[in-house]
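These are the residues of each chain, in order.
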Amino acid sequence: MAPPLVNEIMKKNVISIDSSMTVQDAAKMMDDASIGAIVVLEKGIAVGIITERDIVRRIVSKGKPLSTNVKEAMSSPLIVINPDDSVWELAQLMKARKIHRVPAVKDNRLVGIVTTSDIVRLCSVGSDSEMTKITEQILLRMKPN
């Protein structure tokens with residue numbers, strides 16, 4: 001069985017925000033879309049990601065105003081994956097970098113985003129035996145070296 005590819009499980013409708021916009025703008029967008037992170041763009045290029053956790057740790061806990069630019073609160077440099085890479089490579093990247101969301105970029109263009117929930121959803125599709133095989137493959141590849 002060929003490993004599934006990132007482009008098979010990624011969400012293609014990615015919410016993004018310009019780095020010059022405010023943290024409040026980002027929080028409103030997250031709330032409106034019921035998501036926990038937004039990809040940050042500069043001149044159309046993905047340069048970072050801002051998460052709910054970033055807002056709490058870098059803005060709220062420090063008493064900074066919500067009018068702070070997204071650029072000051074985002075996580076950067078952005079860790080990305082090619083949509084043609086396998087889900088196994090994605091899982092390894094997420095494990096190694098301790099991240100839960102990875103934008104998919106092809107030819108310098110943001111084309112999707114994958115979360116740990118997408119990987120879990122993949123593991124819960126199909127018959128129990130298929131799920132077991134997929135889960136075992138992921139777990140084997142994620143064992144500490």
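Rules and cut-offs
Residues numbered from 1 in each chain as written. Predicted model: local features only at pLDDT ≥ 70, side-chain atom pairs only at ≥ 80, totals over all residues. Heavy atoms only, no water. Axes fitted to C-alpha atoms, helices over the stretch in contact; angles between N-to-C directions. Helix = DSSP H or I, 4+ residues; strand = E, 2+ residues; numbered from the N terminus. Parallel < 35°, antiparallel > 145°, perpendicular 65-115°, else oblique. Left-handed = near helix turned anticlockwise from the far one by under 90°. Contact = heavy atoms within 4.5 Å. Nonpolar A, V, L, I, M, F, W, Y, C, P; charged D, E, K, R; others polar. 1 Å grid on protein atoms, 1.4 Å probe; cavity = no way out; pocket = protein on both sides within 12 Å on 5 of 7 lines; lining within 4 Å. Points joined across faces, edges and corners; volume = space filled by probe spheres on them. Pairing = 2+ DSSP bridges.

Undergrad: Break down the packing of helix H5 (residues 87–97) against helix H6 (residues 116–123) for me, with residues and values.
TA: At their nearest, the axes of H5 and H6 sit 11 Å apart, and the two run at 135 degrees to each other. Between H5 and H6, the angle falls in the class oblique. Classified by chirality, the crossing of H6 by H5 is left-handed. Contacts between H5 and H6 involve Val87, Leu90, Ala91 and Met94 from the former and Thr116, Ile119 and Leu122 from the latter. A per-class count over the contact of H5 with H6 returns six nonpolar, one polar and no charged.

Undergrad: Describe the layout of surface pockets, listing the residues and the values that go with them.
TA: By volume, the largest pocket is sized at about 490 Å³. Only strand E3 (45–51), helix H3 (52–60) and strand E4 (101–106) provide two or more residues apiece to the lining of the largest pocket. For the lining of the largest pocket, the element with the highest residue contribution is H3, accounting for five residues. Across the lining of the largest pocket, the residue classes tally to six nonpolar, five polar and seven charged. In this structure, the second largest pocket spans a volume of roughly 210 Å³. Surrounding the second largest pocket, Lys11, Asn13, Val14, Ile15, Ala33, Ile35, Gly36, Ala37, Arg101, Ile113 and Thr115 form its lining. Here the residues of the lining of the second largest pocket sort into six nonpolar, three polar and two charged.

Undergrad: So what about the sheet that holds E3? Which residues, and what values?
TA: With mixed pairing, three strands are arranged side by side in an open sheet as E1-E2-E3. The open sheet is flanked by strand E1 (16–18) and E3, the only strands paired with a single partner. Going across the sheet, the axis of each strand differs from the next one's by a mean of 35 degrees, ignoring polarity. By the bridge criterion, six bridges tie strand E2 (residues 37–42) to E3 in an arrangement that is antiparallel. Residue Val39 lies in a different strand from E3, and its bridge partner there is Ile49.

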